[in-house]
Amino acid sequence: MHRTILGSLFVFTALFPVAMRAQAQETKPDSDAVRALIEKTRKAGGSMWSDEVRFFCEAPRPNRPDDPVIAPTKIFDNLYVIGNSGTAAYVVQTTDGLLMIDSLGANQVETQLLPGFRALGLDPAQVKVILIGHGHADHFGGAPYMQEHFGSKVYISAADWDLMEHPSASAQLKGPPPVLPKHDQVVAEGQPVVLGDLKVMPVAVPGHTPGSMGYIFPVKDGGKTRMAAIYAGTILTPNIISDQGLETYLQSVKHFQAETKKAKVEVEIQNHPLMDPIQTKLDRLKARKAGAPNPFVVGQAGYQTFLDVMAGCTEVNIARRKQ
Ligand SMILES: [Zn+2]
């Protein structure tokens, strides 16, 4: 009992300065210049990305434990999504087993991850590779279970293995350290991860964490190959990111823009799909008539605009600090 009380005190003291800072920034009204930047981004986003502009520029929020669970869904011929509206894991079927991107949190393995595999008729023991978007426990928390029970190989960038294995003092104060996967494979830009007929291109997108990654890979849409991308290091709460972190993030979004443009990406998925929001897309997918477009296909120009909005709202957040 004592330990618990002491534990929550630690959490409180560790988070308090951050909360204060966030509040101070939020209560300052936007200057005319900041409002103009938001309007510019809203215009650029058009009707396709209006929810995203609202989320990133005006009402960002972290994922939460009570984010509603989504129905595990096959969203493309070879791509499945499992999780909740705040945090999702994706499973790709290949000719040599399954590749999973992210693994949800440790406390969601029994409640969301494994039930998701069952609901989809997929065997979790077939997961050969897990690519982690970045080294936070809501993404790697399920990986130790998969590694231990099914021998899945866990890929994380070198910088985020380091972040996980040598957390800063402030991170340690936030509570008991999460259980880490055993040190396994390293994912790096320029080194594709291949499983069966699937080739995933990793792209380094530091900012949210030093080793955040984006992944570009093909999906099959009614037999047609389309390139998909996940920016797996999205900043949901800009207030807790340093000035330097936001600048790095902005450069990373631009870098991802160049890489996804080259790869002709036209499918948008996210591991924190709050900005989409994913439930709306899943509802549209369910109601889709034969031959109608898949709501996750946003087109090549549409995908670039998605990233334009992420960059635009990051500029808004940077400008807010300078006003
Ligand atoms: Zn994170």
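Here, the structure is the one placed above.
Residues numbered from 1 in each chain as written. Predicted model: local features only at pLDDT ≥ 70, side-chain atom pairs only at ≥ 80, totals over all residues. Heavy atoms only, no water.

> Can you help me understand the coordination of the zinc ion in this one?
Perfect tetrahedral coordination of a metal by four donors corresponds to 109.5 degrees between them, and perfect octahedral coordination by six donors corresponds to 90 or 180 degrees. The zinc ion binds to the protein through His 134 (NE2), His 136 (ND1) and His 208 (NE2); the donor distances cover 2.1 to 2.2 Å. Exposure remark for His 136: the relative accessible area of 29% places this residue in the partly exposed category. (Donors = N, O, S within 2.8 Å, 3.2 Å for Na, K, Ca; no water. Buried < 20%, exposed > 50% of the residue type's maximum accessible area, 1.4 Å probe, protein only.)

> How should helix H2 (residues 32–45) be read in this particular structure?
Because each turn of an α-helix spans 3.6 residues, side chains separated by three or four positions end up pointing in the same direction. Over its 14 residues, H2 extends 20 Å from the first C-alpha to the last, a length consistent with the 20 Å expected when each residue adds 1.5 Å. By the burial criterion, the buried members of H2 are Val 34, Ile 38, Thr 41 and Gly 45. Looking straight down H2, one finds that the buried residues subtend no more than 65° of arc, so they occupy a single side. Opposite its buried face, H2 presents the exposed residues Asp 32, Ala 33, Lys 40 and Lys 43, each directed more than 90 degrees away. (Helix = DSSP H or I, 4+ residues; strand = E, 2+ residues; numbered from the N terminus. Expected span 1.5 Å × (residues − 1). Arc of directions from axis to C-beta.)

> Before we go on, may I ask you to explain the environment of Gly 223 in this structure?
Within the fold, Gly 223 resides in the loop between strand E10 (213–221) and strand E11 (224–231). Between the C-alpha atom of Gly 223 and that of Asp 77, which follows or precedes it by 146 residues, the distance is 7.3 Å.

> Sorry if this is basic, but what is going on with the pairing of E11 here?
Consecutive side chains of a regular strand alternate in pointing toward one face of the sheet and then the other. In terms of burial, E11 is largely enclosed, as six of its eight residues are buried. As judged from the eight bridges shared by E10 and E11, these two strands associate in the antiparallel manner. Across the sheet, Asp 221 pairs through a bridge with Lys 224, a residue of E11. Counting the residues that bridge the hairpin from E10 to E11 gives two residues, and of these Gly 222 lies at a positive phi of roughly 60°. Pairing of E11 with strand E12 (residues 265–269) involves four bridges; the strand directions are parallel. Bridge pairing in E12 places Ala 229 opposite Glu 268. Read from E11 through helix H9 (residues 243–262) to E12, the crossover connection turns out right-handed. (Pairing = 2+ DSSP bridges. Right-handed = clockwise from strand over helix to strand, strands pointing away.)

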